[in-house]
Protein chains: 2
Amino acid sequence: MIKKNNHPIGIFDSGLGGLTVVREIKKILPNEDIVYFGDNARLPYGIKSKRQIIECSLNNARFLLKKKIKALVIACNSSSANALYVLKKRLTIPIIDVIRPASQAACEVTRNKKIGIIGTSATIESHAYQREIRKIDSRIKVYTQKCPLLVPLVEEGWIHNEITDSIIKKYLWPLLKERIDTLLLGCTHYPLLKRAIIKQAGKHVNIVDSGPRAAYDLMRKLTSCDLLNATKRKGTLKIFVSDLSPHFITIGERFLKHKLEHVSVVRI
Amino acid sequence: MIKKNNHPIGIFDSGLGGLTVVREIKKILPNEDIVYFGDNARLPYGIKSKRQIIECSLNNARFLLKKKIKALVIACNSSSANALYVLKKRLTIPIIDVIRPASQAACEVTRNKKIGIIGTSATIESHAYQREIRKIDSRIKVYTQKCPLLVPLVEEGWIHNEITDSIIKKYLWPLLKERIDTLLLGCTHYPLLKRAIIKQAGKHVNIVDSGPRAAYDLMRKLTSCDLLNATKRKGTLKIFVSDLSPHFITIGERFLKHKLEHVSVVRI
């Protein structure tokens, strides 16, 4: 029997954007095995109803549990915002979402206590970030902005161009007007636009990306539960998706900054 | 028993964009009952694999067949391009897609035999329009352009603004450079951008929208099969969707140019 410590970490996302979180986990936990599930067949979650997001998230978690994962990372903001409490009720393994770690990081870096949050419609409308930040420090003011065009822009590969700059400018303006000093990127696609976002927000605004902090929280959780992989070998990455088109492969490699290997299509 | 002529017409789309086709059908067949199914839970089809699009399309058709439809309209371009032949094999009722009617209309209006086609990635990559136009007139040259950002732009409601104009300009440039005289809108979302498209394409380019021609072909088909509804009363419109968020209601009303009524969420 394989010792539980050596079981893989499970990560799911509505698509392949969560690979930006995988990259961060591999940086600080290089010998952990990872099983990733991307629900390409049903993406995007960002425009779905709460009921539908919960159903999809439960299906994804069930698939990963069959792979004997020792911990679960919800890399999808829409799932973290809408389905975390249901998953926590149903699962007995440690669960890391992307909202709590990013909120914690944003609260630590803000000086003027004005935080801006950008995300998909479902994430922003769930008020999950607002609730989380209020729990940490009720004096902090939170300003939010839905940015439905940013995901398609990343998927189209328009990372550095004038149109992307104009769209980001239009979305950020209402937040910058409020003089936020910290901007939380509430979607796993957004780190790819980080440079363009900094260009519009200005260098004085702290940019908080959920990936690195979620990876750090995962490491702490595994340590406290005595679940760190004790082997010295390099961890593996297995990717499962519910649908795969040529389009997804191109985008996946953009997120992972690496060739996509070991990808299997599964029906769940 | 209700006479078959008085059975409803079934229409499906990946979401609510097909309501632009419903509008055209209601204009010329006002006394027909319509049952519409929008697969919101699984949209967009435009980035899915062929296998996945076929599976979704079959599910949608099965749902509508239970409503005893006398004819089926596939309002979704991605489904028409990828699943029409499977549906034709499996169903015995008349089927109207959106690709053949629009191709026919484009071939009739072009003078210099240079047609441009814009659509989602799945539609363009299927080469369905190119094949259809070649069958009609092999001398016609076809130039295509995937426009993945146009659907999210319509859904965001950015119909008349400078960013939308810049994006359309960027997408149309390679087609206009080839001196097309006809531009086919290969997606049910695009009629909402018609004015912005005309602005960039110039008034000398014919704009062909699949909705009116598909409605006309449906009328001809019902006439030839003796399936026209003979009653004089105003037809009803029942809308079923696989998911419904506040976002979908706003968008649906934009497409239908009317309040969304009689909408039911079903699990299929």
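Residues numbered from 1 in each chain as written. Chains lettered and ligands numbered in written order. Predicted model: local features only at pLDDT ≥ 70, side-chain atom pairs only at ≥ 80, totals over all residues. Heavy atoms only, no water.

(A) Spatial organisation of the state of the cysteines. All names here are of chain B. This model, assessed by the stated rule, comprises zero disulfides over all chains. Among the cysteines around cysteine 147, which has no disulfide bond, cysteine 187 carries the closest sulfur, lying 9.2 Å off. The cysteine cysteine 187 is free of any disulfide, with cysteine 76 supplying the nearest cysteine sulfur at 7.9 Å. Taking relative accessible area as the criterion, cysteine 187 reaches 6% and is therefore assigned buried. (Disulfide = S-S within 2.5 Å. Buried < 20%, exposed > 50% of the residue type's maximum accessible area, 1.4 Å probe, protein only.)

(B) Spotlight on the relation of the copies chain B and chain A. Its rotation angle being 180°, the transformation that places chain B on chain A also includes 0.0 Å of axial translation and leaves an RMSD of 0.0 Å. The superposition operator between the copies reduces to a two-fold rotation axis. The rotation axis passes nearest to the C-alpha of arginine 42 of chain B in chain B, at a distance of 2.5 Å. Same-surface contact between copies: 100% of interface residues of chain B are shared with the interface of chain A. (Least-squares fit on C-alpha atoms with pLDDT ≥ 70 in both. Contact = heavy atoms within 4.5 Å.)

(C) Here's a closer look at helix 1 (residues 19–28) of chain A. Residue and element names in this part refer to chain A. Extensive coverage of helix 1 is indicated by the burial of seven of its 10 residues. Those residues of helix 1 that sit buried are Leu19, Thr20, Val21, Val22, Arg23, Glu24 and Ile25. Structurally, helix 1 contributes buried residues whose contacts are with strand 1 (9–13), strand 2 (34–38), strand 3 (71–74), helix 10 (210–224), strand 9 (237–241) and helix 11 (246–256). (Helix = DSSP H or I, 4+ residues; strand = E, 2+ residues; numbered from the N terminus.)

(D) Summary view of the packing of aromatic side chains. For the coordinates displayed, the defined rule picks out six aromatic pairs over all chains. Ring plane angle 40° and centroid distance 5.4 Å describe the contact between tryptophan 158 of chain A and tyrosine 171 of chain B, whose orientation is recorded as tilted. Taken as a pair, tryptophan 158 of chain A in the loop between helix 7 (150–156) and helix 8 (162–177) and tyrosine 171 of chain B in helix 8 (residues 162–176) lie in two separate chains rather than in one. Tyrosine 171 of chain B matches tryptophan 158 of chain A in its accessibility class, with the two residues each being buried. In this arrangement the basic side chain of lysine 170 of chain A is found over the ring face of tryptophan 158 of chain B, its NZ or CZ atom lying 5.1 Å from the centre. (Phe/Tyr/Trp six-rings, centres within 6.5 Å; stacked < 30°, edge-to-face > 60°. Lys NZ or Arg CZ within 6 Å of the ring centre and 35° of its normal.)

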